[in-house]
Amino acid sequence: QPDQLGIGRDTAAYSQPYRQLRVAFAWRIHITSDRLAVFQAKRHAALREVTQAEKNGITIPRVTSRLSTRLACPRDQQTDGWFLHGTKPGSVLAILSGGLNERMCTGQFGKGVYLAEDPEKSDQYTTPDSQYRSPGLEGLHDCLFRAGLRHPQTDLFYTFVCQAVTG
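It should be emphasised that the depicted structure is a prediction, and the values quoted were computed from it without experimental measurement.

Give me the pairing of strand β4 (residues 158-165): which residues, what numbers.
Only one face of β4 is covered, namely the face carrying Tyr158, Phe160, Cys162 and Ala164; the face carrying Thr159, Val161, Gln163 and Val165 is uncovered. Two strands pair when backbone bridges link them, and strand β1 (residues 80-87) and β4 are joined in this way by eight bridges, in the antiparallel orientation. Within β4, the residue paired with Gly86 across the bridge is Thr159.

Structure follows, in structure tokens:
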């Protein structure tokens with residue numbers, strides 16, 4: 001929804017108006033088998049808790065995103081979905097090497113991994129990466145812009161598409 005782009009407390013510092021978002025690059029992140037096992041265990045526990053709550057007459061609302069309606073459904077539609085995590089360029093390399101971590105994120109509601117259902121919301125938490133080899137971003141650029149990929153020398157904003165367990 002273009003009327004929702006570029007607004008919110010975190011976008012106030014970006015002075016250029018815009019009415020659309022577009023994907024400039026996409027990278028796939030592969031997680032280790034240990035981290036995958038942890039994710040699967042948490043998924044299983046969440047599904048068990050949702051099932052138990054529903055047996056006790058408690059209705060658990062399903063959290064969905066616009067991405068979940070457009071991308072192939074994750075394995076368990078009851079507890080899984082696709083969500084977005086917008087972040088500053090300075091945080092991207094730490095996320096790539098260590099994953100999303102509640103100790104890295106401190107928001108209005110305390111420590112946690114904050115995910116959004118819509119691009120307009122995740123957009124509020126991004127800041128521009130405007131130039132290749134910007135001070136402090138050399139390691140990130142070395143990691144991302146290799147094998148023929150070049151930084152476009154224009155504003156890039158980083159958003160992770162995440163499979164997440166809800167419930």
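Can you lay out the pattern of salt bridges for me, pointing to particular residues and giving the numbers?
As enumerated under the stated definition, the model contains two salt bridges in all. Arg43 is paired through a salt bridge with Asp80; the nearest N and O atoms lie 2.9 Å apart. Taken as a pair, Arg43 in helix α1 (residues 33-55) and Asp80 in strand β1 lie far apart in primary sequence, 37 residues in all. Here Arg133 and Asp142 are joined by a salt bridge, their closest N and O atoms 2.4 Å apart. On the basis of relative accessibility, which here comes to 37%, the residue Arg133 falls in the partly exposed class. Accessibility expressed as a relative area gives 42% for Asp142, which makes it partly exposed.

Definitions and cut-offs
- Residues numbered from 1 in each chain as written.
- Predicted model: local features only at pLDDT ≥ 70, side-chain atom pairs only at ≥ 80, totals over all residues.
- Heavy atoms only, no water.
- Buried < 20%, exposed > 50% of the residue type's maximum accessible area, 1.4 Å probe, protein only.
- Helix = DSSP H or I, 4+ residues; strand = E, 2+ residues; numbered from the N terminus.
- Pairing = 2+ DSSP bridges.
- Salt bridge = Lys/Arg side-chain N within 4 Å of Asp/Glu carboxyl O.

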